[in-house]
Amino acid sequence: MITNQFDTSLPSIRQVQRCVKDKITVEFRLITGDLITGRIFWQDHNCISVLDGNNEQITVWRQAIAYMKPLDDRVA
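Residues numbered from 1 in each chain as written. Predicted model: local features only at pLDDT ≥ 70, side-chain atom pairs only at ≥ 80, totals over all residues. Heavy atoms only, no water.

The name recorded for the chain in an unreviewed UniProt entry is RNA-binding protein hfq, from Cuspidothrix issatschenkoi CHARLIE-1.

Brief notes about the environment of Ser12
Within the secondary structure, Ser12 sits in helix H1 (residues 11-22). When the C-alpha positions of Ser12 and Met68 are compared, they lie 9.8 Å apart, and in sequence the two are 56 residues distant. (Helix = DSSP H or I, 4+ residues; strand = E, 2+ residues; numbered from the N terminus.)

Concerning the sheet that holds strand E4 (residues 57-61)
The sheet built from five strands is open, its strands ordered E4-E3-E2-E1-E5 with antiparallel pairing. Each of the sheet's edge strands pairs with one partner strand only, and the pair in question is E4 and strand E5 (65-70). Averaged over all pairs of adjacent strands, the angle between their axes in this sheet comes to 45°, without regard to strand direction. Sheet topology note: the strand E1 (residues 25-30)/strand E2 (residues 35-43) ladder contains five bridges and is antiparallel. (Pairing = 2+ DSSP bridges. Axes fitted to C-alpha atoms, helices over the stretch in contact; angles between N-to-C directions.)

Considering H1
Taking 1.5 Å per residue as the helical rise, H1 with its twelve residues ought to reach 16 Å, and the 16 Å between its terminal C-alpha atoms agrees with that figure. Residues of H1 that are buried: Ile13, Val16 and Cys19. The arc that holds every buried residue of H1, seen down its axis, measures 125°, which confines them to one face. Relative to its buried face, H1 has exposed residues pointing more than 90 degrees away, namely Pro11 and Lys21. Tucked into the core, H1 has its buried residues touching E1, E2, strand E3 (47-51) and E5. One or two positions beyond H1, positive phi appears at Lys23, with a value near 55°. (Expected span 1.5 Å × (residues − 1). Buried < 20%, exposed > 50% of the residue type's maximum accessible area, 1.4 Å probe, protein only. Arc of directions from axis to C-beta. Contact = heavy atoms within 4.5 Å.)

Description of the environment of Phe28
Tracing the backbone through its elements, the reader meets Phe28 in strand E1. Each residue touching Phe28, except ones within four places of it in the same chain, is listed here: Asp34, Leu35, Ile36, Ile40, Ile48, Val50, Ile65, Tyr67 and Met68.

Quick look at the structure:
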């Protein structure tokens, strides 16, 4: 059965939600080698939206992300 709910038992979902809630700046390295830095605005099953330093919204497909690194010590 397909569900529209996030599985909040997954650590990755909880970490992204914590970054949204606490407005933590994160760094995304994409599989293309591009680097995106900003605050996560929202997430869904397919994408994560990032507000960059110019307050421009960038939508990143999850499968394009190599890694995400929070740039704040509050997230472990």
